[in-house]
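The lines below spell out each chain.
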Amino acid sequence: MNAPYVPKWELFAYICSSEYAAQELVDYATDLPSGRKVLLVLRNDGDIENGIGSAYLNMMVRFNDHINKYKKRSMEMLMFLYADHEIGRNAKAVKLDNKRFILFSDSKRLFDRFADAKKVKKLQRIKIVPGFES
């Protein structure tokens, strides 16, 4: 029997603000080369903080099992966060507030690169834990 897959769990998430316009933040995050790493700029609303861990875990398992729908890990994770299997077409429709948004990454280097380039101020750290409810 194979050992179960357990993803690396070194995640960085903060509620942030920036002087840059919301659309510019989203565009920069989308265009920034991330390779196999995830960088997301998310709307800070409702219980999204509670869903980040579950979305990340689901995305990592799907990529490990080669059953992912999207080529980019960030898109696969967005699908789980917003429960939208057509997120690829709808990703730009999510409205963001540049004074209070969530910046998430599984790479400190990528997180810091984005934060430095877009003058991001970290307001509050978000503790990310995996959730197992469906």
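Predicted, not measured: the structure shown is a model, and the values here were computed from it.

Criteria and thresholds
- Residues numbered from 1 in each chain as written.
- Predicted model: local features only at pLDDT ≥ 70, side-chain atom pairs only at ≥ 80, totals over all residues.
- Heavy atoms only, no water.
- Helix = DSSP H or I, 4+ residues; strand = E, 2+ residues; numbered from the N terminus.
- Buried < 20%, exposed > 50% of the residue type's maximum accessible area, 1.4 Å probe, protein only.
- Contact = heavy atoms within 4.5 Å.
- Areas by Shrake-Rupley, 256 points an atom, 1.4 Å probe, with all protein chains shown as cover.
- Pairing = 2+ DSSP bridges.
- Axes fitted to C-alpha atoms, helices over the stretch in contact; angles between N-to-C directions.
- Phe/Tyr/Trp six-rings, centres within 6.5 Å; stacked < 30°, edge-to-face > 60°.
- Salt bridge = Lys/Arg side-chain N within 4 Å of Asp/Glu carboxyl O.

Chemist: Teacher, can you tell me more about the overall build of the protein here?
Modeler: If you tally the helices and strands in the protein, you get five helices and four strands. The helix and strand sequence of the protein, counted from the amino end, reads β-α-β-α-α-α-β-α-β. A burial count over the protein gives 44% of its 134 residues as buried. Contacts in the protein between residues far apart in sequence, at least 24 positions, make up 77% of those at least 6 positions apart. Accessible area of the protein: about 8100 Å², with a carbon and sulfur share of 50%.

Chemist: Help me out: how do you make sense of the sheet that holds strand S2 (residues 39-43) in this one?
Modeler: Two strands in a sheet stick together by hydrogen bonds in their backbones, pointing the same way (parallel) or opposite ways (antiparallel). Taken together, the four strands give an open sheet; going across it, the order is S2-S3-S1-S4, and neighbouring strands pair in antiparallel fashion. The two strands at the open ends of the sheet, each matched to only one other strand, are S2 and strand S4 (121-125). Sheet twist, expressed as the average angle between the axes of neighbouring strands with direction ignored, equals 35 degrees. Contacting S2 and strand S3 (101-105), helix H3 (residues 73-81) crosses the sheet at an angle of about 30 degrees to S2.

Chemist: Where do I start with the packing of aromatic side chains in this structure?
Modeler: The description of an aromatic ring pair rests on the distance of the ring centres and on the angle between the ring planes. Under the defined criterion, the tally for this structure stands at four aromatic pairs. Between Phe 12 and Phe 111, the ring centres sit 6.5 Å apart and the planes meet at 45 degrees, which makes this aromatic pair tilted. In this pair, Phe 12 is assigned in strand S1 (residues 12-17) and Phe 111 in helix H5 (residues 108-117), connecting sequence segments 99 residues apart. Given the relative accessible area of 12%, Phe 12 is considered buried. Residue classification places Phe 111 among the buried positions, given a relative accessible area of 2%.

Chemist: How should the pairing of S3 be read in this particular structure?
Modeler: A regular strand places its side chains on the two faces of the sheet in alternate fashion. Across the five residues of S3, five count as buried, placing the element largely inside the fold. Here S1 runs beside S3; their pairing, made up of five bridges, is antiparallel. Counted as the bridge partner of Tyr 14 is Leu 103 from S3. Bridge count between S2 and S3: five bridges; the pairing is antiparallel. Opposite Leu 40, over in S3, you have Phe 104 as the bridge partner.

Chemist: What exactly am I supposed to notice about the side chain of Lys 118 here?
Modeler: Here Lys 118 shows up in the loop between H5 and S4. Not counting chain neighbours up to four residues away, the residues in contact with Lys 118 comprise Ser 18, Tyr 20, Glu 24, Leu 25 and Tyr 28.

Chemist: Any chance you could explain the pattern of salt bridges here in plain terms?
Modeler: Pairing of side chains with opposite charge becomes possible as their charged atoms draw close. Considering all chains together, one arrives at four salt bridges under this definition. For the salt bridge of Asp 112 with Lys 108, the shortest nitrogen-to-oxygen distance reads 2.8 Å. Pair noted here: Asp 112 and Lys 108 are both in helix H5, with a separation of four residues, about one helical turn.

Chemist: Whenever I open this one, the side chain of Ser 34 confuses me. Can you help?
Modeler: Structurally, Ser 34 is set in the loop between helix H1 (22-31) and S2. Ignoring anything within four residues of it in the chain, the contact list for Ser 34 reads Lys 72 and Leu 110.

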